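Examining the three-dimensional arrangement
If you want the building blocks of each chain, they are given just below.
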Amino acid sequence: MAARGKGYDPTNKESIIRYSQKLVGKTLRQVSDAGDLADPHKRRGSFGNALEVYYFGYSTNSDSDADFSEVGLELKATPVKLVKKGGKQQLVAKERLVLCMIDYMTLPSEKDFDHSHVAKKCSDMLLVTYQYEEEINPVDYLIKAVAEWRIPNRDLPQIRADWDVIYRKVCSGHAEDISGSDTMYLEACTKAANSSVRRKQPFSKVEAKPRAWAFKASYMTVVQQGLIAQMQALPRSAMESKLTLLQLVKKRFAPYAGMTEKDLQARFGLSSSKNLCARITRCILGIADGNEIEEFSKAGIVPKTIRLKKNGVPKEAVSFPTFDYFDLEKTEFEHSDFYGYLQQKYLLVLYREMPDGAFYLTDVCFWQMPDRDFDEAKRCYDQMRENVRRGRAEVSVKATENRCCHVRPHGANSRDTRPQPHGQPVVKKCFWLNQKYLAEEIQLALERGKNPSH
């Protein structure tokens, strides 16, 4: 419980909120007697703990009750960072927002999300958003916004579905198979001091990694940006209010199944362009050009068109942006752009080749690389990194050498090169997803879409 006499009444929510809003535009050092925090970068949550102790005047604890228990208000400090996107700088969530630990043993007794422990924890939150900067002490972080926040009604169908995916895995004795790729907005993130820690689960002797309920960083970016003006939600009718995101997207695409790209171009009156498929997707979803799709931003979803040959294998491998050889040499896999691309969730818009040789729109699915494949992707990354270290940047990682990924040139021609640390410039290259691997993953994603409980 917060101590009385700190400038607010802990039994009055309006008093707490008024007091908290004095933080906006200031730092903890300016509004409290907090001094530099010792080793602040060694321990996550140092800012949040300091906020509780030095500004709100109560000791940190791991109680399951809300921080301001007398009014049921949960305090959450959440960081944003400045990044460059599309040539412009903008604030995005630095990390997911962890809500509470998952107790595998008691989770099966919870009826549904609405009656769950995590729903209670995030039913009414006081979000304190601060700007993270690597080189300064946390007491000097600038506080950007303070607001009372609840899950918007339009997000509840997807969050309920996310919760249900994790619930079903635990109830079926497969908590060890939980993955960040399972869900859209709400996730079960790993939460342990090291990777060897395990916890018991109720319906299996196999122990699973400790996990916590959290809102994904992509979701928090939209929350923290306050649903900026150029963001547009997918249109929903009253009858569609309870559909999950996948159900809504599949419903939008269904009327256009069996049409070719040219058919759709004519249907929507679009001119030819390099991004024609992306524009067709936006037209089908009812989103104006130039607007970000709110739901996709929350889930970190990127639309991508895939053409499948008659045998179900993509006509082309999927590429990522070209990498910098100097960055590759000095950057660990977990901190690389490639790792970030693999953590992305994709809306795959599928066109299949028919006997006449034309490609027809047939289906859509969401896909994200499952956790089980990250070790294999890391092996590809580390192999290419070692090539660069040895001055052999011209040597790529072949598709036959890795089940998931490979490296090959991605320049305009052989003269389109980039400098490397230990030799002459080398043609631009990038990481690619293997066609066979992607074919298998697409089939699995389509099966999950038909039976989302598995």
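Definitions and limits used
Numbering of residues starts from 1 in each chain and follows the order in which that chain's sequence is written. Note on the predicted model: pLDDT of at least 70 is required for a residue's local features to be given, and 80 or more for side-chain atom pairs to be given and counted; whole-chain, interface and lining totals, by contrast, use all residues. For the side-chain quantities, the full set of heavy atoms in the structure was used; hydrogens and water were omitted. Note on conventions: DSSP H or I runs of at least 4 residues are helices, E runs of at least 2 residues are strands, and numbering of each starts at the N terminus. Think of it in three bands: residues with accessible area under 20% of the maximum for their type are buried, residues over 50% are exposed, and the middle band is partly exposed, with areas taken using a 1.4 Å probe on protein chains only. Two strands are said to pair when DSSP picks up at least two bridges between them. Between N or O atoms, a polar contact is any pair within 3.5 Å; within protein, one atom must be a potential hydrogen donor and the other a potential acceptor, and residues adjacent in sequence are included only when both atoms are from side chains. Residue contacts are defined here by distance: any two heavy atoms, one from each residue, within 4.5 Å place the two residues in contact. A cavity here means a set of points on a 1 Å grid, drawn over the protein atoms and nothing else, where a 1.4 Å probe fits but cannot get out; a pocket is an open set with protein on both sides within 12 Å along at least five of seven lines, and a residue lines either one if it has an atom within 4 Å of a point. Grid points are joined across faces, edges and corners, and a volume is the space filled by probe spheres set on the points. Classes in brief: Ala, Val, Leu, Ile, Met, Phe, Trp, Tyr, Cys and Pro nonpolar; Asp, Glu, Lys and Arg charged; the others, Gly included, polar. Interaxial angles span 0 to 180 degrees and are taken between N-to-C directions of axes, which are lines fitted to C-alpha atoms, for helices over the stretch in contact. Nonpolar core, defined: a set of buried Ala, Val, Leu, Ile, Met, Phe, Trp, Tyr and Cys residues in which side-chain atoms within 4.5 Å join the residues together. Note on definitions: salt bridges are taken to be side-chain nitrogens of Lys or Arg within 4 Å of carboxyl oxygens of Asp or Glu. Here a pair means two rings of Phe, Tyr or Trp (six-membered ring of Trp) with centres within 6.5 Å. Their orientation is stacked below 30 degrees between planes, edge-to-face above 60, and tilted elsewhere. What pLDDT expresses is the predictor's confidence in each residue, scored from 0 to 100. Each helix should span, by expectation, one fewer than its residue count multiplied by 1.5 Å.

1. Focus on the environment of D375
Relative to the helices and strands, D375 resides in helix α13 (residues 374-389). Its relative accessible area of 63% is what places D375 among the exposed residues. Put simply, D375 and V318 are 57 residues apart on the chain and 19 Å apart in space, counted from C-alpha to C-alpha.

2. Focus on the sheet that holds strand β16 (residues 405-409)
Spatial ordering of the open sheet is given by β13-β19-β16, a layout of three strands whose pairing is antiparallel. Of all the strands in the sheet, just β13 (318-319) and β16 have a single pairing partner and so form its edges. Relative to strand β19 (residues 429-433), β13 is paired through two bridges, and the arrangement is antiparallel. Residue pairing across strands places S319 opposite W432, the latter belonging to β19.

3. Topic: the pairing of strand β6 (residues 186-190)
Two faces belong to every sheet, and in a regular strand the side chains alternate between them. Most of β6 sits inside the fold, with four of its five residues counted as buried. The pairing of β6 with strand β9 (residues 211-215) spans five bridges and is antiparallel. Opposite C189, over in β9, you have A212 as the bridge partner.

4. Examining the side chain of H406
Relative to the helices and strands, H406 resides in strand β16. You can call H406 buried: its relative accessible area is 7%. A distance of 2.8 Å separates polar atoms of two side chains, one belonging to H406 and the other to R408. H406 has contacts with A317, C380, V397, K398, A399, C430, F431, W432, L433 and N434, leaving out every residue within four places of it along the chain.

5. Remarks on empty space enclosed by the protein
Applying the stated rule across the entire model yields two cavities of 30 Å³ or more. Estimates place the volume of the largest cavity at around 70 Å³. For the largest cavity, the full set of lining residues is R154, D155, P157, Q158, Y185, R236, L243, T244, L245, E294, E295 and K298. Of all the secondary structure elements, the ones that give two or more residues to the lining of the largest cavity are α5 (156-171) and α10 (294-299). Considering each element in turn, the lining of the largest cavity owes the most residues, three residues, to α10. Partitioning the lining of the largest cavity into residue classes produces four nonpolar, two polar and six charged. Taken as a whole, the second largest cavity holds about 50 Å³ of empty space.

6. Considerations on the sheet that holds strand β2 (residues 88-93)
The strand order β2-β1-β4-β5 describes an open sheet built from four strands, whose pairing is mixed. Only two strands of the sheet have a single partner each, and these edge strands are β2 and β5 (142-149). This sheet shows a mean twist of 25° between the axes of neighbouring strands, independent of strand direction. Of the strand pairs in this sheet, strand β1 (residues 74-85) and β2 are connected by six bridges, and their pairing is antiparallel. In the strand pairing of β2, L82 is matched with L91. This element, helix α6 (residues 217-225), spans β1, β2, β4 (125-131) and β5 of the sheet and lies at about 115° to β2.

7. Structural notes on the environment of P79
Within the secondary structure layout, P79 lies in strand β1. You can call P79 buried: its relative accessible area is 2%. A C-alpha to C-alpha distance of 9.3 Å links P79 and Y141, two positions 62 residues apart in sequence.

8. Some details on the nonpolar core
Counting 59 residues, the largest nonpolar core has W213, F215 and V249 as the members making the most contacts within it. A total of six residues in this core trace back to one element, the largest contributor, which is α5. With near-sequence residues (within four places) excluded, V249 lies in contact with L234, L285, F296, L347, V364 and F366. Core analysis: the next-biggest nonpolar cluster, separate from the first, contains 36 residues, I306, W367, V388 and L438 among them.

9. What to know about the pattern of salt bridges
Taken as a whole and judged by the stated rule, the model has 28 salt bridges. We note a salt bridge from E148 to R150, for which the minimum N-O separation is 3.2 Å. Judged by its relative accessible area of 31%, E148 is partly exposed. For E386, the salt bridge goes to R390, with nearest N and O atoms at 3.0 Å. Ionic contacts of the salt-bridge type, sharing partners, join the residues K13, D124, E148 and R150 into one network.

10. What to know about the packing of aromatic side chains
Counted under the stated rule, the structure contains 33 aromatic pairs. Their ring planes at 75° and their centres at 6.3 Å tell us that W149 and Y219 sit as a pair that is edge-to-face. On the criterion of sequence distance, the pair formed by W149 in strand β5 and Y219 in helix α6 is long-range, its members being 70 residues apart. Accessibility classification places W149 together with Y219 in one group, the buried group.

11. Observations regarding the confidence of the model for the protein chain
Where the model shows low pLDDT, its predicted coordinates should not be examined in detail. Scored by pLDDT, the protein chain has a mean of 88; 93% of the residues are at 70 or more. Within the protein chain, strand β10 (residues 231-232) has the poorest average pLDDT of any element, 62, and α13 the best, 97. Here residues 1-5 is a poorly scored stretch, pLDDT under 50, and it has 16 contacts once near neighbours within four places are set aside; other chains count.

12. Focus: helix α14 (residues 435-450)
Between its terminal C-alpha atoms α14 stretches 23 Å, which fits the 22 Å expected from 16 residues at 1.5 Å a residue. Within α14 the residues assigned to the buried category are Y437, L438, A439, E441, I442, A445 and L446.

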